Amino acid sequence: MRKVYFDHSATTPVDPAVVEEMMKYLTEHFGNPSSIHAFGREARKAVEKARQQVATAIGASSVGEIAFTGTGTEADNMAIRGVAYANRQKGNHIITTAGEHSAVLNCCKQLEREGFSVTVLPLDQYGRVTAQQVADAITDKTILISILHANNEIGTIMPIKEISEVARSKKIIFHTDAVQSVGKIPVNVDDLGVDLLTLSGHKIYGPKGIGAMYIRRGTFWQPILFGGGQERRRRPGTENVAGIVGLGKAVELATERMQADAERLTRYRDRIISEVLQKIPNTILTGHPEERLPNHVSFCFRFIEGESMLLMLDMKGIAISSGSACTSGSLEPSHVLTAIGLSKEVAHGSLRLTMGKDNTEEDVEYFLEALPPIIERLRAMSPLSEGCNPCACSTCTVHDEDHHDHGESEEEF
């Protein structure tokens, strides 16, 4: 049976070139980077090379602006909590959006329990917020804005540059979670105008258990972990040298092939969107139709449960997801899908397809052949499917009032 992996937003296979680079530091060059002898110096040299690779990939002006972390979630927490605690005397207000990864939203919820005020901006039907929304939410107590670069569930790319101009005009620190965008679309911290940026290794064919935080020189921030002097005291603990080396190599390779991959995967993406919407009625394209990641496709299919769809696709050898792998154990529908106005019933029929560097046209064709009969079979078994009435919505083939119901008010935790 053909095997097709279409879940690259959850994780990616480690590139063989990355594994080869890492193996040296799991065996021969095993020293502690803090040691002054030859073994330690060799490890330190490798860590600093990786730091330069990450800095180059995102356009950081100094390697000193890069701190390695254990995960993307840890990096998000370090960025947000570090700014919040350091600036508490100036204010206690944080702005974020309803579409953030749980690493950001739950971090903000915890800060609210500690006395901070958090404004959660509502999303439009495509999963975006505007610079004007951000400007309107700013108060004299606002100390941080945290908005993700690209959404992990629906692929929408946020207008980060425009938002950063608002933040800079008000002298407010701006963080973006770029875990899903680094290596897929151009990411340059100066072009984006961000003060902090976070990323993760396993989303770009690097190892799991390694992330990084960019912090612009001069940003008022403090560490949230305490111990030794590693990572310039920003993230104490003995460095995961092999993981750091793997991240450095992975981000370098991803940057080199980014343009070619994006052009090819965009063709695949657009073909899937076109054919699925054409062949399967009562289907909603989620996320922005144009301002989205090149490898990312996401739909909601009315009158079915996403889990059944995923299991049947899995039986065909196609690995796919219904949303974020970080919240897949929850029985609740995706908070991102409900934030863009979908009802819980519709959101339960979600599918997320994220392609990678090794996927082919044949993979796409196999998926497009397998999906329609699965949807048809599941709907035939569903008592909810009777009496459906398709419409000509620009992003879906179903009449669904909830899909077009988007509140304008800000949401507080």
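Residues numbered from 1 in each chain as written. Predicted model: local features only at pLDDT ≥ 70, side-chain atom pairs only at ≥ 80, totals over all residues. Heavy atoms only, no water.

Read across the open sheet, the three strands follow the order β9-β10-β12; overall the sheet is antiparallel. Of all the strands in the sheet, the pair left with one neighbour each is β9 (283–285) and β12 (350–354). Each strand axis lies, on average, 25° off the axis of its neighbour in the sheet, ignoring direction. As judged from the five bridges shared by strand β10 (residues 296–301) and β12, these two strands associate in the antiparallel manner. Directly across from Ser298, in β12, lies its bridge partner Arg352. Packed on one face of the sheet, helix α8 (residues 241–279) meets β9, β10 and β12 and runs near 15° to β10. (Pairing = 2+ DSSP bridges. Helix = DSSP H or I, 4+ residues; strand = E, 2+ residues; numbered from the N terminus. Axes fitted to C-alpha atoms, helices over the stretch in contact; angles between N-to-C directions. Contact = heavy atoms within 4.5 Å.)

The extent of an interface is frequently quoted as the accessible surface area lost upon association of the parts. When cut into domains, the protein chain gives domain 1 (16–254) and domain 2 (257–381). Each of domain 1 and domain 2 was reduced to a C-alpha centroid, and the two centroids are 28 Å apart. Taken together, the 30 residues of domain 1 in the interface contact 27 residues of domain 2. Together, the buried faces of domain 1 and domain 2 total about 2,300 Å²; carbon and sulfur atoms form 59% of this surface. It is Glu153, Ile154 and Tyr205 that lose the most area in domain 1 upon contact with domain 2, and together they represent 30% of the buried surface on that side. The tally of links between domain 1 and domain 2 comes to zero salt bridges. At the junction of domain 1 and domain 2, the tally comes to 14 residue pairs in polar contact (both at pLDDT 80 or more). Listed by contribution, the elements that provide at least two residues to the side of domain 1 that touches domain 2 are α4 (102–113) and α8. (Domains from an automatic or database assignment. Buried area = accessible area lost by both parts, 1.4 Å probe. Salt bridge = Lys/Arg side-chain N within 4 Å of Asp/Glu carboxyl O. Polar contact = N/O pair within 3.5 Å; in protein donor to acceptor, adjacent residues only side chain to side chain.)

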